[in-house]
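Structural description and commentary
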Amino acid sequence: MSLWLKYTPDFKITMRKPVIAGNWKMYKLLGEAVDTALELKPLVANANHCEVVIAPVFTALKTVAARLDGSNIKVAAQNCASQNEFGAHTGEISPAMLRDAGCSHVIIGHSERRQFYGETDASVNQKSKAALSAGLVAIVCVGEMLAEREVGNAETVVKGQLVKGLDGLTVGDMERIIIAYEPVWAIGTGKTATPEQAQEMHGHIRQTVAGTHGKEIADKTRILYGGSVKPDNIATLMSQPDVDGALVGGASLEAASFAQIVNYERT
Ligand code: PGA
């Protein structure tokens with residue numbers, strides 16, 4: 001991984017290269033996905049300050065990845081099976097198959113999957129291990145519900161998700177884990193966590209990882225913020241010392257707005 005020095009407002013220097021990832025969820029037919037990807041390509045071609053990732057639907061992955069080959073945009077899937085061995089698992093797609101289709105990343109445990117598709121910390125853990133063993137980078141999502149925040153449980157919930165989700169991963173494995181903190185109340189609602197709320201939780205996440213895998217790994221781990229990230233709030237979020245990028249839903253669907261987010265330093 002190439003290193004990029006991040007000068008935070010208090011002049012702390014970190015060596016975590018930011019990641020700006022677009023989660024396209026269940027949007028775009030194949031032709032639209034290709035058009036958006038190709039529109040995005042020149043707009044972010046000079047974005048050397050961060051890694052750029054887009055996550056189209058499964059059926060568009062191979063074509064989009066092929067059309068982006070040689071560019072600086074990486075392709076992620078939005079979910080994967082919890083094993084790589086072939087088998088009788090109707091409807092599942094293994095991480096190895098995603099790699100074969102041209103993906104380098106996979107999003108795991110997004111709150112929509114936890115809320116509506118029965119994803120648990122245990123399945124997140126299994127999927128993360130399978131993704132890593134197929135050579136993918138896993139973007140592991142955590143985040144509390146509004147009710148949990150309101151009763152003061154946000155940190156405990158996120159800590160539990162991390163401890164169980166990352167259980168058994170080695171220090172070496174952690175080099176290919178990216179954590180995305182997405183407070184459920186901020187996803188698709190237009191309510192962004194304030195930069196201070198994001199920083200507070202990101203600091204807590206880093207401490208949790210220091211507890212489970214050691215400080216050196218914690219200092220290297222990229223922690224993305226997600227939840228109503230837009231061109232007009234990305235710069236303040238990124239100015240927080242522990243915010244190392246963003247997982248963007250709605251605002252990633254249009255190439256122009258996603259490019260503005262990617263190029264947050266210049267806007
Ligand atoms: P949003 O979604 O940016 O539309 O809030 C973020 C996500 O769900 O990853």
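Higher on the page you've got the structure.
Okay, so let's go over this structure.

What counts and what doesn't
- Residues numbered from 1 in each chain as written.
- Predicted model: local features only at pLDDT ≥ 70, side-chain atom pairs only at ≥ 80, totals over all residues.
- Heavy atoms only, no water.
- Helix = DSSP H or I, 4+ residues; strand = E, 2+ residues; numbered from the N terminus.
- Near = heavy atom within 4 Å.
- Polar contact = N/O pair within 3.5 Å; in protein donor to acceptor, adjacent residues only side chain to side chain.
- Areas by Shrake-Rupley, 256 points an atom, 1.4 Å probe, with all protein chains shown as cover.
- Buried < 20%, exposed > 50% of the residue type's maximum accessible area, 1.4 Å probe, protein only.
- Pairing = 2+ DSSP bridges.
- Right-handed = clockwise from strand over helix to strand, strands pointing away.

Glancing now at the environment of Tyr 117. Its place among the elements puts Tyr 117 in the loop between helix H4 (111-116) and helix H5 (121-133). Separated by 56 residues in the primary sequence, Tyr 117 and Leu 61 have C-alpha atoms spaced 21 Å apart.

Let us now look at the site of the ligand. Inspection of the region around the ligand gives 13 residues, with Lys 25, His 110, Glu 182, Gly 188 and Ser 228 positioned closest. In the model, an oxygen atom of the ligand is placed 2.7 Å from a nitrogen or oxygen of the His 110 side chain. Between the ligand and Gly 249, the relevant distance is 2.8 Å, taken from an oxygen atom to a main-chain nitrogen or oxygen of the residue. For the ligand, whose unbound accessible area comes to 290 Å², protein coverage reaches 97%.

Looking now at the pairing of strand E5 (residues 73-77). Counting buried positions over the 5 residues of E5 gives 4, a clear majority of the element. Note: strand E4 (residues 51-55) against E5, 3 bridges, orientation parallel. The residue bridging Val 52 from the neighbouring strand is Ile 73, located in E5. The β-α-β motif built from E4, the intervening helix H2 (residues 58-67) and the parallel element E5 has right-handed crossover chirality. Pairing of E5 with strand E6 (residues 105-108) involves 2 bridges; the strand directions are parallel. Across the sheet, Ala 76 pairs through a bridge with His 105, a residue of E6. Read as a crossover between parallel neighbours, the route from E5 over helix H3 (residues 95-100) to E6 is right-handed.

Fair warning: the whole summary comes from geometry, so function is off the table for now.
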